[in-house]
Structures are given as structure tokens and as C-alpha cells.
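# Survey of secondary and tertiary structure
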Amino acid sequence: MSSRPRGLAILGSTGSVGVQTLQVVRTFPDRFRVVALAARTSLSSLRAQVEEFRPRLFSCGGTAEEKTPILSAGSIECGLDEMAADPDVDVVVTATAGDAALAPTLTAIDAGKDIALANKETIVMAGRQVMRRARQKGVSVLPIDSEPSAIWQCLEGEDGEAARLIITASGGAFRHTKLSDLARVTPEQALSHPTWSMGPKITVDSATLMNKAFEVIEAHHLFGVPWDKIEVVIHPQSIIHSMVEFQDGSVKAQISPPDMTLPIQYALLYPHRVYNENIARFDPVAAGSLTFEPWEPDRYPLFGMALDVGRRGGTWPAALCGADDKAVEMFLAGRIGFLDIGRVIETVLEDHRNVPDPSIDRIMAAAGWAKRRAEQAAEA
Ligand SMILES: NC(=O)c1ccc[n+]([C@@H]2O[C@H](COP(=O)([O-])OP(=O)(O)OC[C@H]3O[C@@H](n4cnc5c(N)ncnc54)[C@H](OP(=O)(O)O)[C@@H]3O)[C@@H](O)[C@H]2O)c1
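Definitions and limits used
- Residues numbered from 1 in each chain as written.
- Predicted model: local features only at pLDDT ≥ 70, side-chain atom pairs only at ≥ 80, totals over all residues.
- Helix = DSSP H or I, 4+ residues; strand = E, 2+ residues; numbered from the N terminus.
- Expected span 1.5 Å × (residues − 1).
- Buried ≥ 20, exposed ≤ 12 C-beta atoms within 10 Å, placed from the backbone.
- Contact = placed C-beta atoms within 7 Å.
- Core = buried A, V, L, I, M, F, W, Y, C linked by C-beta atoms within 7 Å.
- Pairing = 2+ DSSP bridges.
- Axes fitted to C-alpha atoms, helices over the stretch in contact; angles between N-to-C directions.
- Near = placed C-beta within 6 Å.
- Nonpolar A, V, L, I, M, F, W, Y, C, P; charged D, E, K, R; others polar.
- Domains from an automatic or database assignment.
- Parallel < 35°, antiparallel > 145°, perpendicular 65-115°, else oblique.
- Left-handed = near helix turned anticlockwise from the far one by under 90°.

### Quick notes on helix α16 (residues 360-379)
End to end, α16 covers 29 Å across 20 residues, agreeing with the expected 28 Å (1.5 Å per residue, within 8%). Along α16, the residues classified as buried are Ile 363, Ala 366, Ala 367, Ala 370, Lys 371, Arg 373, Ala 374 and Ala 377. Looking at the buried residues of α16, the elements they touch are α6 (120-137), α14 (316-332) and α15 (340-351).

Put into C-alpha cells, the structure is as follows:
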């Protein structure tokens, strides 16, 4: 393994993936240098991170006064694009929620940086554009998300095309909730994920299965697998993170306890597999039965709608992401009910005017429009 520590810019360092990424850095201090950290509102967490990891660059929201303690720790403030292109950065970790990572990801690719990709919206909104540019620039897009990581790990060392991808889903917080009770579920209940501890947006997206539709769209773009060869199955234990069937019928599965440390470490240390005492081991006897079920269309109506949008391409997926982002935000704020998330997204999509083969500016504009339209739809 190369002895030069890899320079990291971590966008979203105070969130669930960001914090776990820094834990991997702590475990392997000789292999990484933290060059840049970015957050939005969690200034006390960011300050503690800056004091510990001493990045040269940081980015966050807040007033000048609020930022003073971070500046006094010796870091220089800059924008996400600037840190993504910084000469000391080798890998940009995209761990922001929503669409904030798209522009800096493209900047990083243009500057020849590898991308450790946690943020799903980047690929859902602009998968064709991002992957095309990454190929042109010869940079790697290394998935951190556990399901794409599982597919990537299964495909490693294989030649020929995969016959089928089988992406697993826990089913989220309401897998057993009576359908007639879904209208009354609370944000607190939606945030109580049965197997994973994650940020609020992705946890609600797991309850609607929007998250799984995002992963199908991601898998299509990341691995170039046709839509009709990607399936989703409910696997409540979240032990098998996905499976790949090959042409001869053999199926490989990636198995590990539900913990993001392994996929984060795999992306950052790729192609090396390295011992980490913090990674829990799979115990087949303790795990007991691993079960699978079909997903119920009546329980997860957003899943089919989102997949249809992903297949259409253009600015449709950006409108979907913008509408979902705003609808989930309003649900978490108690402004709309759980079932209103679908109603709001459907209204936004009905009004969307697609732009085929869009530029990145058009994609960002579609997401921005969808957020504004979602606000109006919620009030209607
Ligand atoms: N959590 C998981 O296990 C997991 C697994 C797979 C994929 N993902 C994906 O990874 C992404 C992050 O998920 P998460 O669960 O870690 O989210 P999260 O806990 O909500 O954290 C989001 C992070 O992004 C920061 N942020 C948000 N907007 C920003 C902006 N405009 N500029 C700079 N920083 C910004 C937040 O800063 P503040 O804290 O200051 O607000 C926070 O650090 C999502 O796209 C998610 O779908 C997550």
C-alpha cells in the first residue's frame, strides 16, 4: 500500500456518515490527512473536529461571530467547490444530505479527485453527467452507501456482465404498521429505524422506500446495469447488503452486520482489505435466519413512482429529489403528515416540465423549482 497519506475533503463531516468517516481516519492515522471539513449548522461539532484533525480548510453556515472559534483553531474558511479542487485533496467524501454535493462533486472530478460517494442525490439527479465526466477525467467514483458498496464488492474480480442485481431493503420503520394507521404516524416513529442509525432524511426515505428507489437509480448509473435487471427484496435483518447474480446462475452476496464503517473503509482504502477492530463480525449462529419478502406496492407507493421517474431521465429525477427533500423536511417539522409526502411529490411531478439531456444548471434549477412547488403543494 502507498505510504503517502491520502488527503481528504469531507463534505458533511458532522453528519452520520461524516462522523463515521472521521472514526475510520482515527483508526488509520498514517493513511489519511484531513485537508478540509464542511458542515452547515452544527458549529460546535465542527469546531471539535477542526481542533482534533487540524484541517487547513473548513466551510459552514452561521454568522462571522459564530465562526470565530473555528477560525481561531487555525483553519481557513472557503466554499465547497474550492475545497473540492484543493491541490492537497486526493479524495472528496460526499456525505452531505440533499443536493448540496452535486456541484462540488463535478468540480472535484474536473480537478482529477476521486469521489467517495455517500450522497445518493448526486447520482440520482445527474448520474449520466457525473459518470460520463468521471470516465473522461479517469477518476474513480467509489460508493460508500452499503448497497452499492455490496454490489461493487460482489462484482470485483468478475468478468462479463451481471445477470441481475438484487438490492436488499430493511423495509424501514413502518414495515409492520397497519396501512390504515400510516396517516397518523409521527416523525419520531419514522426516525426509529429497525436496523440502521442514520441521518433524519435517509431514515424517513427508508420508511417510504424512496431510499431504495434512489439506490436502484444509483446502481443503474454506477454499474451500467439495465433497469430490468435490478430487483429489490425486503430483507429485514439488513445483514445481506445486496447480491449479484452472474451469467452462470451463481449468486454472490456481501454480508456484514449493519454498520457503515466497513463500506466507508472499503471505499477509502480500496483495493485493500484491512483489519479494523471496530468492525463487528458476522456470526451466522447469532444472526439466525436471514429472510426475504417481496415489497408491498400498497405500503410503498412512492417506490414505483420514483423508479418510473428514474427511468425517464432528463430533469425528472432532479424534480423528484427536490420534491422529496422538501416534503421530508416538512414532515419532520410537523407541517404535513407521513402520507402527504407522497401527495406532495405526486403534485410536483404532475406540474414538472422535463428538459431532456439537461445541463447541470438545468438540473439544479429543476430541483430548486421542485422544492418551491412542494411548499405550495403542502399548503394547498
Ligand atoms: N447515514 C447513513 O448511514 C447513510 C448511508 C448511506 C448513504 N447515506 C447518504 O449520505 C448522505 C448523508 O447522510 P447522513 O445520514 O450522514 O446525513 P446527516 O446525518 O443528516 O448529515 C448531513 C451532513 O451534511 C451537512 N450539510 C448539509 N447541507 C450542507 C451544506 N449545504 N453544506 C455543507 N454541509 C452540509 C450537515 O451539516 P450540519 O450537521 O451542520 O447540518 C451534516 O454534516 C445522504 O445523501 C444519505 O442518503 C447515508
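### A few points about the nonpolar core
Counting 112 residues, the largest nonpolar core has Leu 8, Ala 9, Val 93, Ala 323 and Ala 327 as the members making the most contacts within it. Top element by residues in this core is α14. It accounts for 10 residues. Not counting residues up to four positions away in its chain, the partners in contact with Ala 323 are Val 344, Ile 345, Val 348, Leu 349, Ala 370 and Ala 374.

### A few points about the pairing of strand β5 (residues 91-94)
Residues Val 91 and Val 93 point to one face of β5 and Val 92 and Thr 94 to the other, with burial holding for every one of them. Strand direction decides the pairing type here: strand β1 (residues 6-11) and β5, joined by 4 bridges, are parallel. Considered in β5, the bridge of Ile 10 is made with Val 93. In this structure, β5 lies alongside strand β6 (residues 114-117), joined through 4 bridges in parallel fashion.

### Things to note about the sheet that holds β6
Reading across from one edge, β4-β3-β2-β1-β5-β6-β7 is the order of the 7 strands in this open sheet, with parallel pairing throughout. Pairing within the sheet leaves two strands with one partner each, and these edge strands are β4 (76-77) and β7 (141-143). As paired elements, strand β3 (residues 57-59) and β4 share 2 bridges and run parallel to each other. Within β4, the position partnered with Leu 57 by the bridge is Ile 76. Those strands touched by helix α5 (residues 102-110) are β1, β5 and β6, and its axis lies near 165 degrees from that of β5.

### Quick notes on the site of the ligand
Close to the ligand lie 29 residues, the nearest being Gly 12, Gly 15, Ser 42, Met 198 and Gly 199. Secondary-structure elements contributing two or more residues to the shell around the ligand are α1 (16-27), α6 and α9 (200-208). Taken together, the residues that form the shell around the ligand break down as 13 nonpolar, 11 polar and 5 charged. Two domains each donate at least three residues to the shell around the ligand, and these are domain 1 (6-143) and domain 2 (145-261 + 283-307).

### Overview of the packing of helix α7 (residues 146-155) against helix α11 (residues 261-269)
Running from N to C, α7 and α11 cross one another at 55 degrees; their axes reach a closest spacing of 10 Å. With respect to α11, the element α7 is oriented oblique. At the point where α7 passes α11, the crossing takes the left-handed sense. Touching Ser 146, Ser 149 and Gln 153 of α7 are Pro 263, Tyr 266 and Ala 267, all from α11. When grouped by side-chain class, the residues that make up the contact of α7 with α11 number 3 nonpolar, 3 polar and no charged.

### A look at the pairing of strand β10 (residues 240-245)
For strand β8 (residues 164-169) and β10, the ladder comprises 4 bridges, and the chain directions are antiparallel. Each residue of the ladder has a partner; that of Leu 165, found in β10, is Val 244. Sheet topology places β10 next to strand β11 (residues 251-255); 5 bridges connect them, and they run antiparallel. Paired with Met 243 across the strands is Ala 253, a residue of β11.

### Structural notes on unusual backbone geometry
For residues besides glycine, phi is generally negative; the peptide bonds are generally trans as well. With an omega of 10 degrees, the peptide bond running from Tyr 270 to Pro 271 counts as cis. You can see Pro 271 is positioned in the loop between α11 and α12 (284-287). In this structure, Leu 209 is a non-glycine residue whose phi angle is positive, near 75 degrees. As for its position among the elements, Leu 209 is in the loop between α9 and α10 (210-223). Its 29 C-beta neighbours within 10 Å are what place Leu 209 among the buried residues. One non-glycine residue with positive phi stands out, namely Ser 238, at about 50 degrees. Mapped onto the elements of the fold, Ser 238 is located in the loop between β9 (230-234) and β10. Owing to 21 C-beta atoms within 10 Å, Ser 238 belongs among the buried residues under this scheme.

None of this, on its own, says anything about what the molecule does.
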